[in-house]
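Reading the structure
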Amino acid sequence: MAMTSTTTVSSSMSTSGATTGKTAARNPVLRVPPASPAAAAAHFGASLAFHADVSDVAAALAADGDPGFVVLDSRSTASWDQGHVPGAIHLPTALIREQAEQLLDRAVPVVTYCWGPGCNGAARAALALAELGFQVKEMLGGFEYWVREGFEFETWEGREQRAADPLTAPAGTDDCGC
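Since the structure is predicted, the reported quantities are computational estimates derived from the model, not experimental observations.

Quick notes on helix α5 (residues 121–131)
- Taken as a whole, α5 has its buried residues at G121, A122, A125, A126, A128 and L129. Buried positions in α5, seen along its axis, are confined to an arc of 160 degrees and lie on one side of it.
- Taken together, the buried residues of α5 touch β2 (70–73), α4 (96–103), β4 (110–113) and β5 (136–140).
- Positioned one or two residues after α5, G133 has a phi angle of 95 degrees, which is positive.

If you want it as structure tokens, here you go:
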């Protein structure tokens, strides 16, 4: 059964098209009003400082030269063997405090990943690394979206690549336009 709501919109409109005056937005999207443009810019700017998406990571790794970061797979050995980003360093989250100093250079930013968006393992790994003094970002979508976007990956048997999922990657182009 669909829920209905009543929305009262002021008849006065600003030049930008936003409503002014007594706007009583009762839909679920506007129940809490959007942040101010300045607050939104601060929030989204901070978000980009903490996150990278798989397409951007793949593009940087595919470009000639040093991408300026290392990729860290924070999953178990069994998960690593099933598949991982080529060139990634394997360091399960539970071992970061013991082994990060030997495997990573503090001067080089680290991009962490785990299984996918339903797993917070990459965030836990990023937290552990940050607490040790490393610069770190989390790769949004994790290994799941790496594979779903059609990027090559390595398994214990060798390299593999699957067709891109049309729901996650544009058909016929490498650039989604975002």
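After that view, the rundown keeps rolling.
Some details on the nonpolar core
- Ranked by internal contacts, the top residues of the largest apolar core, which has 16 residues, are V57, V71, V85, Y113, M139 and W146.
- With residues up to four places along the chain from it excluded, the contact list for Y113 reads V71, L72, D73, S74, R75, H84, V85, A88, A122, M139, G142 and F143.
- If you look at the next biggest cluster of nonpolar residues, it comprises 12 residues, including L72, I96, A125 and A126.

Re the environment of F151
- Take F151: it is sitting in the loop between α6 (142–148) and β6 (153–155).
- For the pair F151 and A58, spaced 93 residues apart in sequence, the C-alpha to C-alpha distance is 7.4 Å.
- The residues touching F151, leaving out its near neighbours within four places in the chain, are V54, S55, A58, W146 and Q161.

What to know about the packing of α4 against α5
- Running from N to C, α4 and α5 cross one another at 65 degrees; their axes reach a closest spacing of 10 Å. Comparing the axis directions of α4 and α5 gives the class roughly perpendicular. The chirality of how α4 crosses α5 is right-handed. Along its contact with α4, which presents I96, R97 and A100, the element α5 presents A125, A128, L129 and E131.

Basis of the calculations
Residues numbered from 1 in each chain as written. Predicted model: local features only at pLDDT ≥ 70, side-chain atom pairs only at ≥ 80, totals over all residues. Heavy atoms only, no water. Buried < 20%, exposed > 50% of the residue type's maximum accessible area, 1.4 Å probe, protein only. Helix = DSSP H or I, 4+ residues; strand = E, 2+ residues; numbered from the N terminus. Arc of directions from axis to C-beta. Contact = heavy atoms within 4.5 Å. Core = buried A, V, L, I, M, F, W, Y, C linked by side-chain atoms within 4.5 Å. Axes fitted to C-alpha atoms, helices over the stretch in contact; angles between N-to-C directions. Parallel < 35°, antiparallel > 145°, perpendicular 65-115°, else oblique. Left-handed = near helix turned anticlockwise from the far one by under 90°.

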